[in-house]
Structures are given as C-alpha cells and as structure tokens.
Amino acid sequence: VWILDQTRLPGETVYLDIDSIEAAVEAIAMLRIRGAPLIGVGAAMSLAAAAKRAAEARAVQTASAAMEWVESAAARLAAARPTAVNLGWAMTRMIRRVTVMREQLPAHDAGSTLARMLREEAQRIWDEDAAMCGAIGRAGAALIPPGTRALTVCNTGMLATGGIGTAFGVLRTAFESGVLEHVYACETRPLRQGARLTAWELARCDMPGTVIVDGAAAPVMASGRVDVVIAGADRIAANGDSANKVGTLGLAMLARVHGLPFYIAAPTSTIDPRTATGAGIPIEERGAHEIGVPNGVSAFNPAFDVTPAGLITAIITDRGVLEPPYERSISEALSAVAAR
Ligand code: MRU
C-alpha cells in the first residue's frame, strides 16, 4: 500500500510503502494518513498488504491460525486512533468477511487465501466510500442556494476519504454546479489540516477560497461574509451528537448566534448506533509537543470536540439529508443500509 504522507503536504509529495501492521499503526497515529473514512480504507488495505506479506513468509498455515492472525492484526489497527468510528467499523467488516468465508480457507497454507479475501473486502470498503462521497455531495449541494459563501474546518476532501470527500465533497459538488461562491477554510489548530490540506485541495480544484486562522471565524461570521457552516464528523452518536475536529463545537455555537445553518456531512459508516449520546464518544488527546509549549508547562490537547445535536441543522449522509429528531432519522437511515 502506498500512502501519501499528509504530514509533508503541501510542501512535499512523499509516498510511503506500508506492508506491516506496525507501519500502518504508526502512519495512522502520526496522521500521515488521516480523516475518518480514509483511516478505515487505509487500515483495511494495510491489513490486506500485511496478510500478503505473512502469507509469503508462510507465517499463516491453518484456518484457525488465519482467524487468529486477522483478529489480532485488526485489533492493533483499530486501537491506533480512538475517536473515528470508521476505523473500528472497517476492521469489524474485515474480520466478519473472513469469518463468513471461513469454510473456504484451506486446511494448509491458508495465508494466501486469507490475503485475497482481505484484499477484496478492502477494495469493497474503498469503492463503497467513494460512492458514499458522491451521494453526500449530491444531497448536500441541493441544500446550497446560488451565491453561497461557506465556512468549513479541518480537511474533509479527497485527502480524508476514498472519494471526493464529505463536507468538502458537498462544497466541490456545489461549486461544480455553479452555486458556491466562496469557501472560508479555518486553519484548524494545532496541525493545520485546513491551512495545509484543504487549501491544497481548493487550489487543485480551482475553487475560490480563503484560509482564516481559527480565531477569525467569529469576526468573519459577524461581518456577514458567511452563509452556511459545514463540517465533517468522526463519530455520530445515535441521538445525532457529532464528534469532529476540535473547534467544530465553537463554529456551531457561532453559527447559532449568527442565525446560520450548521450542517454535518458524513457517510453512514460514521454513525455509531451503539453510542447513545456524545458523552459516550472517546475523545483522543494528543501530546503537548503538538502545541509547542515549553517544558514544565502542561498542555491540554484534545483532537476532537462534540457538537450537540441541538446545534446541527441537518446531517447530510449517503442515505439523504437527516433532520431532527435524529434518533428517528438516524435509525431509519441505518435500517435502510442494513436492508441493502
Ligand atoms: O485528526 P484528523 O485530521 O484525522 O481529523 C479529521 C476530521 O476531524 C474530519 O473532519 C473528519 O475525520 C471527517 S473527514 C471526511
């Protein structure tokens, strides 16, 4: 698996060759590959690549050894980052695939069959994610009136997903249909995914955009330059509370104060029906070094925050635009996914 190292963008284009679980865990934890849907796709592909390497080394022989290998490797990958549910969701799918097809694993030398099963499922996850991005883009663009100036946070585009993106996919689709006038991209402290990555995507798509520091979101909204705020999500609870990059909660509050719609855009794979409310979403805390405080001074560096459902105008998904009350609209959307 070749991954574009996003920590080096926009200055350098560096690809890394990932063929072990350790390398994949490092790449996910260090945000070389990031964005909720993409870490699911990347972990699935890495699991398949590591299985191929294990098969070549004849390290997996029996069907039960194959099951043990995939369960242990998937658990290590799933633990690389805690908040984005897509990671655990993708790993559960990979294990389920092998479990369902267990009869097809040969009694001896099961490794290459295991690697093939995992490769096929990883490709399916990737293809489905790309299709979900397209559907989110179309559903969201229909909500954008002509001449709209949108504000967004973090990076939710092709660098963060297997397709055109979620929130960014909506913006891109709206731009291509001629209704989006401008994008304000919040810098996104501390790792600057907005200033480095969303800006890179805006330039590649020839979309009109302006990067602002996170603290400028309030005055930019207060001066009437924004019509809509749209963000991605890392995990959406059953009641609609949505975790996303830290700073999103503040933007939702600002949108409410200024009477602006605040949309979350995410695939149904980001909805976690087993987490009842935002209080149950694990929030990743990262090291003080990312903030750059001097030794001896403590730092609190949560990577995400939770926007309560009450501040979210609608959740744009691949199953359509979900409206409050979210307990009902989310449960209906997930039943439609299960019935597919
Ligand atoms: O820490 P990151 O860069 O992985 O955080 C990413 C976000 O918060 C995105 O908004 C979210 O994953 C949705 S990406 C389509």
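Data block above holds the structure.
Basis of the calculations
Residues numbered from 1 in each chain as written. Predicted model: local features only at pLDDT ≥ 70, side-chain atom pairs only at ≥ 80, totals over all residues. Heavy atoms only, no water. Pairing = 2+ DSSP bridges. Helix = DSSP H or I, 4+ residues; strand = E, 2+ residues; numbered from the N terminus. Salt bridge = Lys/Arg side-chain N within 4 Å of Asp/Glu carboxyl O. Buried < 20%, exposed > 50% of the residue type's maximum accessible area, 1.4 Å probe, protein only. Near = heavy atom within 4 Å. Polar contact = N/O pair within 3.5 Å; in protein donor to acceptor, adjacent residues only side chain to side chain. Areas by Shrake-Rupley, 256 points an atom, 1.4 Å probe, with all protein chains shown as cover. Axes fitted to C-alpha atoms, helices over the stretch in contact; angles between N-to-C directions. Parallel < 35°, antiparallel > 145°, perpendicular 65-115°, else oblique. Left-handed = near helix turned anticlockwise from the far one by under 90°. Contact = heavy atoms within 4.5 Å. Nonpolar A, V, L, I, M, F, W, Y, C, P; charged D, E, K, R; others polar. Disulfide = S-S within 2.5 Å. Core = buried A, V, L, I, M, F, W, Y, C linked by side-chain atoms within 4.5 Å. Arc of directions from axis to C-beta.

Trainee: Describe in detail the sheet that holds strand β11 (residues 304–307), supporting the description with residues and values.
Mentor: Reading across the sheet, the 4 strands line up as β10-β7-β8-β11 and stay open at both edges, with mixed pairing between neighbours. In this open sheet, the two edge strands, each paired with only one partner strand, are β10 (271–272) and β11. Alignment of strand β8 (residues 242–245) against β11, held across 4 bridges, turns out to be antiparallel. Looking across to β11, one finds that N244 is bridged to D305.

Trainee: Would you mind going over the pattern of salt bridges in detail, with residue names and values included?
Mentor: Across all of its chains, the model carries 21 salt bridges by this definition. Measuring nitrogen to oxygen at the nearest pair gives 3.1 Å for the salt bridge that ties D109 to R58. Pair noted here: D109 is in the loop between α4 (85–100) and α5 (111–141) and R58 is in the loop between α2 (36–56) and α3 (63–78), with a separation of 51 residues, a long-range link. You can call D109 partly exposed: its relative accessible area is 28%. In this structure, R93 engages E128 in a salt bridge whose closest nitrogen and oxygen atoms are separated by 2.6 Å. Residue R93 is found in helix α4, and its partner E128 is found in helix α5; the two are separated by 35 residues along the sequence. The network of salt bridges with common partners includes R93, R97, E121, R124 and E128.

Trainee: Talk me through the site of the ligand; I want residue IDs and the actual numbers.
Mentor: Residues in close proximity to the ligand total 18 residues, the closest being R34, A36, R81, N244 and K245. Residue G35 places a main-chain N or O atom 3.0 Å away from an oxygen atom belonging to the ligand. The contact in question runs from an oxygen atom of the ligand to an N or O atom on the backbone of A36, over 2.8 Å. Isolated, the ligand exposes 410 Å² of accessible area, and the fraction of that covered by the protein chains is 99%. Contributions of two or more residues to the shell around the ligand are made by α2 and β8.

Trainee: Tell me about the packing of helix α1 (residues 21–29) against α2, and name the residues and values.
Mentor: Contact geometry of α1 with α2 gives a least axis separation of 9 Å together with a crossing angle of 165°. On the basis of the axis angle, α1 is roughly antiparallel to α2. Here α1 runs over α2; the crossing is right-handed. Residues I21, A24 and I28 of α1 lie in contact with α2, whose contacting residues are I39, A43, S46, L47 and A50. Of the residues assigned to the contact of α1 with α2, the class counts are 7 nonpolar, 1 polar and no charged.

Trainee: Describe the state of the cysteines, listing the residues and the values that go with them.
Mentor: Counting across every chain of the model gives 0 disulfides. Unpaired in terms of disulfides, C154 finds its nearest cysteine sulfur in C186, a separation of 10 Å. The class for C154 is buried, based on a relative accessible area of 8%. Residue C205 stays outside any disulfide, its sulfur separated by 13 Å from that of C133, the closest cysteine.

Trainee: Any chance you could break down the nonpolar core for me, citing the residues and the numbers?
Mentor: Formed by 44 residues in total, the largest nonpolar core has its most connected members in L47, W69, M91, L114 and L118. For this core, the secondary-structure elements that each account for two or more residues are α1, α2, α3, α4 and α5. With 32 residues, the next largest nonpolar core counts A217, F262, A266 and I315 among its residues.

Trainee: Break down the environment of R32 for me, with residues and values.
Mentor: Examined against the element boundaries, R32 turns out to sit in the loop between α1 and α2. Judged by relative accessible area, which is 18%, R32 ranks as buried. Leave out the neighbours within four places in its chain, and R32 touches I3, L4, D5, Q6, T7, L16, E26 and A27. Here D5 takes part through its side chain, which lies 3.3 Å from a polar atom of the side chain of R32.

Trainee: Give me α1: which residues, what numbers.
Mentor: Taken as a whole, α1 has its buried residues at I21, A24, A27 and I28. Along α1, the residues classed as buried sweep out an arc of 130° about the axis, all on the same side. In this fold, the buried residues of α1 make contact with β1 (2–4), α2, α3 and α4. One or two residues past the end of α1 sits L31, with phi positive at roughly 65°.

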